[in-house]
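What follows is each chain in one-letter form.
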Amino acid sequence: MEDRKSWEIRDEAILSDLVALMGLTDEEKQALAASKSHAEEIAPQLINAFYERLLSHDNTAEYFNGNGTVEHLRGTLENWFIQLFSGDYGTEYVNSRLTIGKTHVRIGLPVRYPLAMMDVLVQYGEKIANMNGNAEVTANAFRKLAALDIAIFNQAYENEQLDHLSEVVGNERLARRLLTK
Ligand code: HEM
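Residues numbered from 1 in each chain as written. Predicted model: local features only at pLDDT ≥ 70, side-chain atom pairs only at ≥ 80, totals over all residues. Heavy atoms only, no water.

Asks: Explain the coordination of the iron atom of the ligand residue by residue, including any values.
Replies: Within the protein, a single donor atom binds the iron atom of the ligand, namely H104 (NE2) at 2.1 Å. Of note, H104 is situated in helix 6 (residues 91-106). (Donors = N, O, S within 2.8 Å, 3.2 Å for Na, K, Ca; no water. Helix = DSSP H or I, 4+ residues; strand = E, 2+ residues; numbered from the N terminus.)

So this is what it looks like as structure tokens:
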């Protein structure tokens, strides 16, 4: 198999790659920014639904055994959610999201869990879109941002795997070729 152009795209460069792929427009960014106050209003409900789901499933609940972990994380998840409505999706945005993804790699969390939890976020994103007078554009925009965040989360996991494999086999190109087998 030949090398692929997408293999050259690393770290924050994935943002412009994906934004171009999805065709995120200025109008859509503005629609999200216009919903920020609604996001702030709804965020506590979202956080409750999110942790209720994770804590009622043994395999995910066991990641929250430390004292005060959930209390602290409620705030970080709230910031993460409200940032979706910042309207500004640049390098800082993608890097902070990659770092959050990496935190989950570090705690040994299988990627299927964060990806599955996007379901809760999408549910609340839809509610927020319906709260303003521009529901269709806002809902489309939110779907794109949710897809972008799923991709970034997954990219953080893939980066770690590629980095480790590249270290073992000597270079990234060979690592990519091994992963296509
Ligand atoms: C949509 C999915 C998720 C989002 C957006 C999310 C968001 C976050 C954020 C923003 C942080 C703070 C990161 C930091 O301080 O650098 C965090 C940490 C954490 N998350 Fe998640 N999370 C998700 C899914 C999950 C799931 C499914 C679990 C467990 C089953 C989980 C367990 C944790 C734990 C234990 C930490 C603390 C890690 C540490 O600092 O030791 N998260 N998460």
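Asks: With reference to specific residues and values, describe the packing of aromatic side chains.
Replies: Applying the stated criterion to the full structure yields 5 aromatic pairs. Measuring from centroid to centroid gives 5.2 Å for F50 and Y51, while their planes differ by 75°, and the two rings are edge-to-face. Grouping residues by exposure puts F50 and Y51 together as buried. Between Y89 and Y93, the ring centres sit 5.1 Å apart and the planes meet at 80°, which makes this aromatic pair edge-to-face. With relative accessibility at 3%, the residue Y93 sits in the buried group. Taken together, the ring pairs connect F50, Y51 and F64 into an aromatic cluster. (Phe/Tyr/Trp six-rings, centres within 6.5 Å; stacked < 30°, edge-to-face > 60°. Buried < 20%, exposed > 50% of the residue type's maximum accessible area, 1.4 Å probe, protein only.)

Asks: Run through the site of the ligand, naming residues and quoting values.
Replies: The local shell around the ligand holds 21 residues, among which L73, W80, H104, L109 and L121 are the closest. At 3.5 Å, a side-chain N or O of R106 approaches an oxygen atom of the ligand. Only helix 3 (36-55), helix 5 (69-83), helix 6 and helix 7 (112-129) provide two or more residues apiece to the shell around the ligand. Tallying contributions element by element places helix 7 first for the shell around the ligand, with 5 residues. Tallied by class, residues from the shell around the ligand come to 16 nonpolar, 4 polar and 1 charged. (Near = heavy atom within 4 Å. Polar contact = N/O pair within 3.5 Å; in protein donor to acceptor, adjacent residues only side chain to side chain. Nonpolar A, V, L, I, M, F, W, Y, C, P; charged D, E, K, R; others polar.)

Asks: Outline the side chain of N132, supporting the account with residue identities and numerical values.
Replies: The topology assignment puts N132 in the loop between helix 7 and helix 8 (135-169). Its relative accessible area of 18% is what places N132 among the buried residues. A distance of 2.7 Å separates the side chain of N132 from the backbone nitrogen of N134, its partner in a polar contact. A distance of 3.5 Å separates a polar atom in the side chain of N132 from the backbone nitrogen of A135. Beyond its immediate chain neighbours, meaning those up to four positions away, N132 contacts A31, S35, H38 and T138. (Contact = heavy atoms within 4.5 Å.)

Asks: Explain the nonpolar core to me, and be specific about the residues and the numbers.
Replies: One broad trend across soluble globular proteins is that nonpolar side chains are buried collectively. With 43 residues, the main nonpolar core has Y51, F81, L84, F85 and L145 as its most contacted residues. Mapped onto this core, the elements with two or more residues apiece are helix 1 (13-22), helix 3, helix 5, helix 6, helix 7 and helix 8. Counting residues per element, this core draws most heavily on helix 8, which supplies 9 residues. When neighbours within four sequence positions are excluded, L84 is seen to be in contact with L32, Y89, Y93, R97, F142, L145 and D149. (Core = buried A, V, L, I, M, F, W, Y, C linked by side-chain atoms within 4.5 Å.)

Asks: Got a sec to walk through the pattern of salt bridges? Specific residues and values, please.
Replies: The tally for this structure, following the rule as stated, stands at 10 salt bridges. In this structure, E172 and R10 form a salt bridge, with 2.5 Å as the shortest nitrogen-oxygen distance. Within this pair, whereas E172 is found in helix 9 (residues 172-179), its partner R10 is found in the segment before helix 1, the two being separated by 162 residues in sequence. R97 is the salt-bridge partner of D149, the closest N and O atoms lying 2.7 Å from each other. With D149 in helix 8 and R97 in helix 6, this residue pair connects regions lying 52 residues apart in the sequence. Comparing D149 with R97, the two get one shared label, buried. Connected via shared salt-bridge partners are R10, E158, D163, E172 and R176. (Salt bridge = Lys/Arg side-chain N within 4 Å of Asp/Glu carboxyl O.)

Asks: Which residues make up helix 1, and what are the values?
Replies: Buried within helix 1 we find I14, L15, L18 and V19. The arc that holds the buried residues of helix 1, viewed along the axis, is 125°, so those residues lie on one side. Those residues of helix 1 that are exposed and aimed more than 90 degrees away from the buried face are S16, A20 and L21. Buried residues in helix 1 make contact with helix 6 and helix 8. (Arc of directions from axis to C-beta.)

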